[in-house]
Amino acid sequence: MTETGRTSGSTSGNRTNDEVWIVGVTGRVGRGVAARLATRGLRVVPVGRSRQRMTAAGAEAGLPVDAKVIVADSAERIADEVVRGRPRVVVNTMGAYVTTAPVIARACMSVGGHYVDQANDVVAVQGLLALRDEAARAGSTLVTGAGFGVLATEAVVAKLCEERPAPQRVRVDSVASVAVEAGALGAALATGIVDALTAGGRRYDNGRLVRSRLGADPQRLTFPDGTSAKSAGVASGELIAARAVGRAPFVIATSGLAPTAPLLRAVLPLLGRLLSVPALRRLAVDRLGRITVKAAPRPREHSWGHAVVEWADGTRREGWLRAGEGMAYTADVTATVTELLAGGAGRPGAWTPAAALGPDLATTAGGTFVLD
């Protein structure tokens, strides 16, 4: 016999238990989220392929030695376990969000649970947001892009646009300062790099999402603390979120991770076309994922999200969000969103973080606004 209620925030009672499942707990963000949630008293359940590695990661995160773990080696098997186990929230840090997010999110919706991920590419973010009506009917809250880039930019746009009509133009810039961990890059990061190369660039032109060159609109940003870094155009979740929250017809998004060197920018279109061949894409992901890197400190003290908003009457506003190390802030954002959803906050539907929980989520997670 199955229970017939729904989780808190749903429309008809409670169908879920109090567990928070973290898929990919052995990765950097997964470990960080598990540790933060365990400290806050939530019941964390690691989910992944290796019981031994999950147990070790759980111990590092401060979970009890006898903590429950779920062994599952694919999004489909994880979805089956979600239907059986009925967790309140599932946090997906396993990557490949274009394919994994809809499968796991729909399993969460089937039991009235909630879902969180850190997707930051156009296709994955749009794909999850397309489930908004389905999630609303289920009484579930789905949050995609729960990390530094999306939240640090959309929150600034939302703040700048408060009590104002829709602007004409928005530009957002995401420049994370990330410390490198020693070890292999891993499949999730390798997939993200290859997907960015094959996707090229995007922008909104008079309300239409159109193609642009990867690395377009290069610039050097000078941050409020006097440091600086280069950024250039990408197809990113920041673009989708900035368009949604600002409602401007013209939107550009840049990233500090995008290539800015002229020679590299010139060869990127050819490289992207080559990597769009399935066999070459698989080879590139495999080879990149196996590359071993040395530990390195973050290049700057702060990560910065930036937005410039312009209205048709000539009014222009600019703002920043200051955060710490980029991966740590991503873990803070994911943990904060998860804790809030587990406690009953959030609107049913599919959202980016600030759209789901308000722009002040960025400061709750540890960031600081610097607005004009």
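Computed from a predicted structure; not experimentally measured.

Basis of the calculations
Residues numbered from 1 in each chain as written. Predicted model: local features only at pLDDT ≥ 70, side-chain atom pairs only at ≥ 80, totals over all residues. Heavy atoms only, no water. Helix = DSSP H or I, 4+ residues; strand = E, 2+ residues; numbered from the N terminus. Buried < 20%, exposed > 50% of the residue type's maximum accessible area, 1.4 Å probe, protein only. Contact = heavy atoms within 4.5 Å. Lys, Arg positive; Asp, Glu negative; His and termini not counted. Charge placed at Lys NZ, Arg CZ, Asp CG, Glu CD. Pairing = 2+ DSSP bridges. Salt bridge = Lys/Arg side-chain N within 4 Å of Asp/Glu carboxyl O. Axes fitted to C-alpha atoms, helices over the stretch in contact; angles between N-to-C directions. Parallel < 35°, antiparallel > 145°, perpendicular 65-115°, else oblique. Nonpolar A, V, L, I, M, F, W, Y, C, P; charged D, E, K, R; others polar. Patch = residues over 30% accessible without salt bridge, like charges linked within 9 Å, V, L, I, M, F, W, Y side chains within 5 Å. Areas by Shrake-Rupley, 256 points an atom, 1.4 Å probe, with all protein chains shown as cover. Polar contact = N/O pair within 3.5 Å; in protein donor to acceptor, adjacent residues only side chain to side chain. pLDDT = per-residue confidence, 0-100. Expected span 1.5 Å × (residues − 1). Arc of directions from axis to C-beta.

With that settled, consider the overall build of the chain. Of the regular secondary structure elements, the chain holds 14 helices and 18 strands. Once the C-alpha set of the chain is aligned to its principal axes, its extents read approximately 60 × 50 × 40 Å. Of all 372 residues assigned to the chain, the portion counted as buried reaches 51%. Taking as baseline every contact in the chain between residues at least 6 positions apart, the subset at least 24 positions apart corresponds to 73%. Positive and negative side-chain charges in the chain, numbering 44 and 33 respectively, have mean positions lying 5 Å apart.

Our next topic: the sheet that holds strand 1 (residues 19-23). A sheet is described by the order of its strands in space; here seven strands give the open sequence 3-2-1-4-5-6-17, paired in parallel fashion. Whereas interior strands pair on both sides, the edge strands pair on one side only; in this sheet they are strand 3 (70-71) and strand 17 (349-351). Pairing geometry for strand 1 and strand 2 (residues 43-48), over five bridges, is parallel. Directly across from I22, in strand 2, lies its bridge partner P46.

This part covers the side chain of T338. Examined against the element boundaries, T338 turns out to sit in helix 12 (residues 326-342). The contacts of T338, once residues within four sequence positions are left out, are V20, L37, V89, V91 and V116.

This brings us to the pattern of salt bridges. Using the criterion set out here, one finds 20 salt bridges in the structure. In this structure, the salt-bridge partner of K159 is D360, at a minimum N-O distance of 2.8 Å. Linking K159 in helix 7 (residues 148-160) with D360 in the loop between helix 13 (353-357) and helix 14 (361-364), this pair joins segments that are 201 residues apart in sequence. Residue classification places K159 among the buried residues on the basis of a relative accessible area of 17%. For D372, the salt bridge goes to R317, with nearest N and O atoms at 3.1 Å. Of the two residues, D372 is situated in the segment after strand 18 (368-371) and R317 in strand 16 (residues 316-323); the sequence distance between them amounts to 55 residues. D372 gets classed as exposed once you look at its relative accessible area, which sits at 54%.

Here we take up the packing of helix 3 (residues 75-85) against helix 4 (residues 97-110). Two numbers describe how helix 3 lies on helix 4: the axes approach to 8 Å, and their chain directions differ by 10°. The pairing of helix 3 with helix 4 is recorded here as roughly parallel in orientation. Contact with helix 3, carried on its side by A75, E76, I78, A79, V82 and V83, involves T100, V103, I104, A107, C108 and S110 of helix 4 and no other residues of that element. In the contact of helix 3 with helix 4, the residues fall into nine nonpolar, two polar and one charged.

Residues L270, L274, V277, L280 and L283 make up a contiguous nonpolar surface patch of roughly 410 Å² in combined accessible area. Broken down by secondary-structure element, the contributors of at least two residues to the nonpolar patch are helix 10 (262-275) and helix 11 (278-290). Tracing the chain through its elements places L270 in helix 10. Residue L270 is classed as partly exposed on the basis of its relative accessible area, which comes to 48%.

Here the phi dihedral of A96 falls at roughly 50°; this positive angle occurs in a residue that is not glycine. Examined against the element boundaries, A96 turns out to sit in the loop between strand 4 (89-92) and helix 4. The phi dihedral of E163 is positive, around 60°, even though this residue is not glycine. With respect to the helices and strands, E163 occurs in the loop between helix 7 and strand 7 (169-175).

What follows deals with helix 5 (residues 122-129). Along an α-helix, residues three or four positions apart point the same way, because every turn accommodates 3.6 residues. Buried residues of helix 5: V122, A124, V125, L128 and L129, and no others. Of the residues flanking the start of helix 5, the one acting as N-cap is D121, its side-chain oxygen 3.3 Å from the backbone nitrogen of V123.

Among the structural elements, R287 can be located in helix 11. Here the alpha-carbon distance between R287 and G186, two residues 101 residues apart in the chain, equals 9.6 Å.

Here we take up the side chain of H306. Mapped onto the elements of the fold, H306 is located in strand 15 (residues 303-310). With a relative accessible area of 4%, H306 lands in the buried category. Within the local environment of H306, its side chain forms a polar contact with the side chain of D173, the two groups lying 2.7 Å apart. Only 2.6 Å separates the side chain of H306 from the side chain of E318, close enough to count as a polar contact. Not counting residues up to four positions away in its chain, the partners in contact with H306 are T153, R171, V172, D173, L221, E318, G319 and W320.

Within the chain, residue pLDDT values average 90, and 95% of them lie at 70 or more. Counting contacts from residues 1-13, a segment whose pLDDT is below 50, to residues more than four positions away or on other chains yields 38 contacts.

Helix length check: helix 11 (13 residues) gives 19 Å between terminal C-alpha atoms against 18 Å at 1.5 Å per residue, within 8%. Inspection of helix 11 places A284, V285 and G289 among the buried residues, and these make up the whole buried set. Looking straight down helix 11, one finds its buried side chains confined to an arc of 120°; they lie on one side. Relative to its buried face, helix 11 has exposed residues pointing more than 90 degrees away, namely R287 and R290.

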